[in-house]
Amino acid sequence: MDDTLKHLRSLNSCTLVTTGRTGSDFFQSLLDSHPQVLTFNGSIINFYDFWNNSICVKSGNFELSDFIYEFIGKYIERFKSKYDYLERKDQLGENYDESIDIDIHQFSQCFIRIMNDNDVTPKNCLLSIYGAYAMLLGQDINQKRLFFHHIHHVQRLDSFLKDFPMAKIISMTRDPRANIVSGVYNHKKYNPDSMNGVHQYFYINRILEDASVLSKYNNEFISIKLESLGSDETLKKIAVWLGINYNEQLRKSTWGGLVWNGDRLSQKERNGSGFSKKMLKNNWEKSLTKKDKYIFNFLMYKRLKHYDYFCKKISYISYLLIPVLNIFPLSYEKEILSIKFIYKSFKKGNVKVILLNYYYYFKRIVLFQKYYWKNIRKEPFHYPYFG
C-alpha cells in the first residue's frame, strides 16, 4: 500500500491570507522551490467551495479519475500556466519565455495512486492534489515537512481549519496607504469595470481589519510585512516559525521552479529573481489627497506605529475634524458618485450600480466612524509580526 498520503497527513500545516495587495502571491512564490515545503501553483482560493459544488461529489458515487479531471478543468491554468495571463505566468523564466506544463494524464494517475484505498474526503483529496503536483515537478515528497495552503481570503478560514485545526496562519500586510493605491487606483487601470462601491468597500474594510480578524481563532498566527521580505533576518525568522530549514531558495520568487516576473497588475517590473524595493513603490504619497492621508493617518495611527510605518502625531483638533471629514467622499469615491457617472449609468440602463455605489458609500462612512471610535476608546493594536 502506498504510504504517501500517510506522510502528507503527518505534515505540519500553515495557511496564508491577505489584507489586500500585500504580496501574498509573492511570499508564496518564495516558498515554491523550498525542498521541505509542499505547496501548489498559487492559491486555490475556493477548494472547499469546489468540493461542495462538484458534480462528481454531489452524485454521491463517483470515480476518482472523474473527480480529478473535473478539478483540472476548473483550474487548468495552474497546470498549464500559459493560460494564466493576469498573474503573468505565461511569461515565467529569466527571459520571459517559459511556463509550467504539467502532464494532465500523469497528474491524474499520480493523484489516484496517492489516494489509493484511503477515504475520499476533501482533506485527503487536497493533500493528494498537492502531493501529485510536487511529484510531477520532480520533488522528493519524503523531504516535505510543511503543507502550505494559500486560501487568500479570511472568509475561507473556517472550512480549512475544520480539516486542519492545528494549522498556523500567516497574514500578509504592508503600508495600508500603499495598499489602497495598489488595490484601488492601480486595479482600476487594469480593470475599470470592477471599480464600483462594492469593490471599494470590500477592499477598504479588509485593509482596516488587517490581522485583527484572526484574533478570534485559537491558532497561532503572525503578520509579515511585505517590505521586510528582502531581509535575510526576516526570512530566517519565518523559516524557524514554520519549522523548516533556512534555504537560499527563500530568496527566489518562482512558480514550478521557474522565475516569476510579477503579475500584470504591478506597476513596477522586478529586477532579478527575488525581492526588489522597486515593487514597493507606487507613489501613494502623491496619489492620495491631503485629506485622504489625514484621515488614514488618524484611523490607522496605532497600527502604523505598531508596524513602524511613517505617520504623523495626532493633534487634538483631529478628534473634532475626522468625524466630519469621514462624511465626505474619498478621492477614489468621487468618480462613481459624480453626476457624470450617474448620467452614463442611466443611459446604459444600469440604475442598480448607482444605488449600490451610494449604499456602499454610506456603509463606508459608518465603517470609518467605527474606527474613529476605536481611537477614541484607545483600543490597542498589538498583533505579532515579522518585519
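Model, not experiment: these values are computed from the prediction.

Some words on the pairing of strand β3 (residues 146-152)
Part 1 of the argument: Counting buried positions along β3 yields seven of seven residues, so the element is predominantly enclosed.
Part 2 of the argument: With burial as the criterion, each face of β3 is covered, one bearing Leu146, Phe148, His150 and His152 and the other bearing Phe147, His149 and Ile151.
Part 3 of the argument: Pairing of strand β1 (residues 12-18) with β3 involves six bridges; the strand directions are parallel. Residue Val17 lies in a different strand from β3, and its bridge partner there is His152.

Considering the side chain of Arg206
Part 1 of the argument: Of note, Arg206 is situated in helix α11 (residues 197-209).
Part 2 of the argument: Buried charged residue Arg206 carries no salt bridge. Nearest counter-charge: Glu209, at 7.4 Å.
Part 3 of the argument: Once you skip the residues sitting within four places of it in the chain, Arg206 turns out to touch Thr18, Thr19, Gly20, His152 and His153.

Thoughts on the confidence of the model for the chain
Part 1 of the argument: Residues of the chain with pLDDT of at least 70 account for 95%, and the chain-wide mean is 93.
Part 2 of the argument: Looking at the elements of the chain, mean pLDDT is at its lowest for helix α10 (residues 176-190), recorded as 81, and at its highest for strand β2 (residues 37-38), recorded as 98.

Details of the packing of aromatic side chains
Part 1 of the argument: Throughout the structure, instances matching the rule amount to 35 aromatic pairs.
Part 2 of the argument: Both rings, one in Phe50 and one in Phe71, keep their centres 5.4 Å apart while their planes meet at 80°; by these two values the pair is edge-to-face. Linking Phe50 in helix α3 (residues 47-53) with Phe71 in helix α5 (residues 64-74), this pair joins segments that are 21 residues apart in sequence. The residues Phe50 and Phe71 share a single accessibility class, namely buried.
Part 3 of the argument: With a centroid separation of 5.6 Å and 70° between ring planes, the pair formed by Tyr307 and Phe381 is classed as edge-to-face. You can see Tyr307 sitting in the loop between α15 (301-306) and α16 (318-325) and its partner Phe381 sitting in the loop between α19 (351-376) and β8 (385-386), a full 74 residues away along the chain.
Part 4 of the argument: The side chain of Lys236 reaches across the aromatic face of Tyr246, ending 5.5 Å from its centre.
Part 5 of the argument: Looking at Arg364, its charged tip hangs above the ring of Phe368, at a distance of 4.6 Å from the centre.

Digging into the pattern of salt bridges
Once the charged atoms of two side chains with opposite charge are near each other, the side chains can pair.
Part 1 of the argument: According to the stated counting rule, one finds 14 salt bridges in the structure shown.
Part 2 of the argument: The residue Arg303 makes a salt bridge to Asp210 at a minimum N-O spacing of 3.5 Å. With Arg303 in helix α15 and Asp210 in the loop between α11 and β5 (221-225), this residue pair connects regions lying 93 residues apart in the sequence. Both residues of the pair, Arg303 and Asp210, count as buried.

Thresholds applied
Residues numbered from 1 in each chain as written. Predicted model: local features only at pLDDT ≥ 70, side-chain atom pairs only at ≥ 80, totals over all residues. Heavy atoms only, no water. Buried < 20%, exposed > 50% of the residue type's maximum accessible area, 1.4 Å probe, protein only. Helix = DSSP H or I, 4+ residues; strand = E, 2+ residues; numbered from the N terminus. Pairing = 2+ DSSP bridges. Lys, Arg positive; Asp, Glu negative; His and termini not counted. Salt bridge = Lys/Arg side-chain N within 4 Å of Asp/Glu carboxyl O. Contact = heavy atoms within 4.5 Å. pLDDT = per-residue confidence, 0-100. Phe/Tyr/Trp six-rings, centres within 6.5 Å; stacked < 30°, edge-to-face > 60°. Lys NZ or Arg CZ within 6 Å of the ring centre and 35° of its normal.

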